[in-house]
Amino acid sequence: MSPPIAPVGWSRWLVPPAALSIHLSIGQAYAWSVFKPPLEEALGLSGTQSALPFQLGIVMLGLSAAFGGTLVERRGPRWAMTVALVCFSSGFLLSALGAATQQFWLIVLGYGFVGGIGLGIGYISPVSTLIKWFPDRPGMATGIAIMGFGGGALIASPWSAQMLESFGGDNSGIALAFLVHGLAYAVFMLLGVVLVRVPRPRAEDRADGRPATPDGPQVSARQALRTPQFWLLWVVLCMNVTAGIGILEKAAPMITDFFADTSTPVSVTASAGFVALLSAANMAGRIGWSSASDLIGRKNIYRVYLGAGTLMYALIALVGSSSKPLFVLCALVILSFYGGGFATIPAYLKDLFGTYQVGAIHGRLLTAWSTAGVLGPLIVNWIADRQEEAGKHGADLYGRSLLIMMALLAVGFVANELVRPVHPSHHLDAVTAQKGAPRARRQRAESA
């Protein structure tokens, strides 16, 4: 499947909606916490066990993005979106079979492994294309698309909760909900497959906003892995994601536990609404903070994510259980930083490494997300389970987890401060970047 070339006069503003149709669908992953309580009750699972499909899905997201990044660059966004559609929808169908037969391993395999591949390929499918269409506003462009991934749960959370209420929270009701998800998302994702286009590479098309050659320093994906900047950004992303994803995966039961012993406990419906609010903050942060990064710079915006995020966690740990509005507000800010970090990282990579293979570099960087997808839920769920076994309850289940998240954000802050421009010895010349035939070895020899 060759990349579809945009005809002369094609509006670049048709590309973000194509990306959104994919990201809004795969963003359902952020609503997984809605399925946790019914799965735990129907299949007799612990909180740690019920997190496995989500954790594996995030692991496979990073791994498939890393290993498939170069292939996505070569075959184009339409091929990538098609693969994402097939894998993501098939994952739900396998999960439906697992729920119907009460075989939890099938849910882990379907939602986590197969669906996770769809997450990874789908997530990176439009990134480099959008940056090439919007070289003047890369933060905004990627923010629009990646906003959809954060906003997916805004749709999926109440929708899933309503289906579970209508179909029932037993294994057959969960299976039917999974089935409806798989079929509905397949249709919606098909819109992106049909609509997406790549910019024309010829110089005469520059008047339409499509650059003929990459601007600024260019670094290949292979060379990027040899730079300290790549690994510093890996740490930055991993720490920021771990701190956010721990709350997100446990959102519904966490707010219920925090206020279970108060005069105003949180109902199941309200907890699902909290998940939807977090999704809205996640989505708003992706477009808002990433657009702000075009004005104040990537390093500065990450100082906000990591520094202010630490303060928000401190407030939850100290006084969150005494004030429901404060708890919700701090969680919303944390999730806006979490989403903003995802949306800003492609532009940060573009600033450091150029547009030459930014999609492939982005894919490799998402292994940080895989690591965080295990660390975040594991820290929160494992500590909560151990604290519960020790006889603790309510907000006491999460105190240690919050302190750990603060420490991780501090590590990310230091890593961001150490980021510097990439040394010219790693750069490709303009001809190499245009032809796609790396000559980094010769350039390094000449620079030496």
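Everything numeric here is computed off the predicted structure, so don't read it as measured data. (Residues numbered from 1 in each chain as written. Predicted model: local features only at pLDDT ≥ 70, side-chain atom pairs only at ≥ 80, totals over all residues. Heavy atoms only, no water.)

## Quick notes on the overall build of the protein chain
- Summing up its helical and strand segments, the protein chain has 20 helices and zero strands in all.
- In terms of C-alpha radius of gyration, the protein chain reaches 22 Å, essentially the compact-globule figure of 22 Å for 448 residues.
- By principal-axis analysis of the C-alpha atoms, the protein chain measures approximately 65 × 45 × 35 Å.
- A total of 448 residues make up the protein chain; the buried ones form 58% of that total.
- Sequence separation of 24 or more characterises 83% of the internal contacts of the protein chain that already satisfy a separation of 6 or more.
- Counting only carbon and sulfur atoms, one obtains 66% of the accessible surface of the protein chain, whose full area is about 16600 Å².
- With 31 positive and 22 negative side-chain charges, the protein chain shows a spacing of 13 Å between the two charge centroids. (Helix = DSSP H or I, 4+ residues; strand = E, 2+ residues; numbered from the N terminus. Rg over C-alpha atoms; globule rule 2.2 N^0.38 Å. Buried < 20%, exposed > 50% of the residue type's maximum accessible area, 1.4 Å probe, protein only. Contact = heavy atoms within 4.5 Å. Areas by Shrake-Rupley, 256 points an atom, 1.4 Å probe, with all protein chains shown as cover. Lys, Arg positive; Asp, Glu negative; His and termini not counted. Charge placed at Lys NZ, Arg CZ, Asp CG, Glu CD.)

## Re the confidence of the model for the protein chain
- Per-residue confidence for the protein chain gives a mean pLDDT of 85; residues scoring 70 or more make up 91%.
- Mean pLDDT per element in the protein chain: helix H20 (residues 440-447) is the minimum at 39, and helix H5 (residues 77-100) is the maximum at 95.
- Here residues 204-212 scores under 50 on pLDDT; set against residues more than four positions off or in separate chains, the count is 25 contacts.
- For residues 437-448, every residue scores under 50 in pLDDT, and the model assigns this stretch 19 contacts once sequence neighbours within four places are set aside. (pLDDT = per-residue confidence, 0-100.)

## Some details on the pattern of salt bridges
- Evaluation of the coordinates by the stated rule reveals five salt bridges.
- A salt bridge links Glu40 to Lys36; the nearest nitrogen and oxygen atoms lie 3.8 Å apart. Of the two residues, Glu40 and Lys36 are both situated in helix H2 (residues 36-43); the distance of four residues between them amounts to about one turn of the helix.
- Overall, Lys36 belongs to the buried group, its relative accessible area being 0%.
- The residue Arg386 makes a salt bridge to Glu389 at a minimum N-O spacing of 2.7 Å. Here the residue Arg386 and the residue Glu389 both occupy positions in helix H17 (residues 367-389), the gap between them amounting to three residues, near one helical turn.
- Classification of Arg386 as partly exposed rests on a relative accessible area of 29%.
- Residue Glu389 is classed as exposed on the basis of its relative accessible area of 61%.
- Taken together, the shared-partner salt bridges in this structure form one network comprising Asp294, Arg298 and Asp351. (Salt bridge = Lys/Arg side-chain N within 4 Å of Asp/Glu carboxyl O.)

## Some points on helix H1 (residues 15-26)
- If you check H1, its first and last C-alpha atoms are 17 Å apart, about what twelve residues at 1.5 Å a residue would give, namely 16 Å.
- The buried count for H1 comes to ten of twelve residues, which makes it a mostly enclosed element. (Expected span 1.5 Å × (residues − 1).)

## Considerations on a nonpolar patch on the surface
- A cluster of nonpolar side chains, namely Leu93, Phe167, Leu176, Leu179 and Leu183, defines an oily patch on the protein surface of about 400 Å² accessible area.
- Ranked by residues supplied to the nonpolar patch, first place goes to helix H9 (residues 171-195) with three residues.
- Among the secondary structure elements, Leu183 is positioned in helix H9. (Patch = residues over 30% accessible without salt bridge, like charges linked within 9 Å, V, L, I, M, F, W, Y side chains within 5 Å.)

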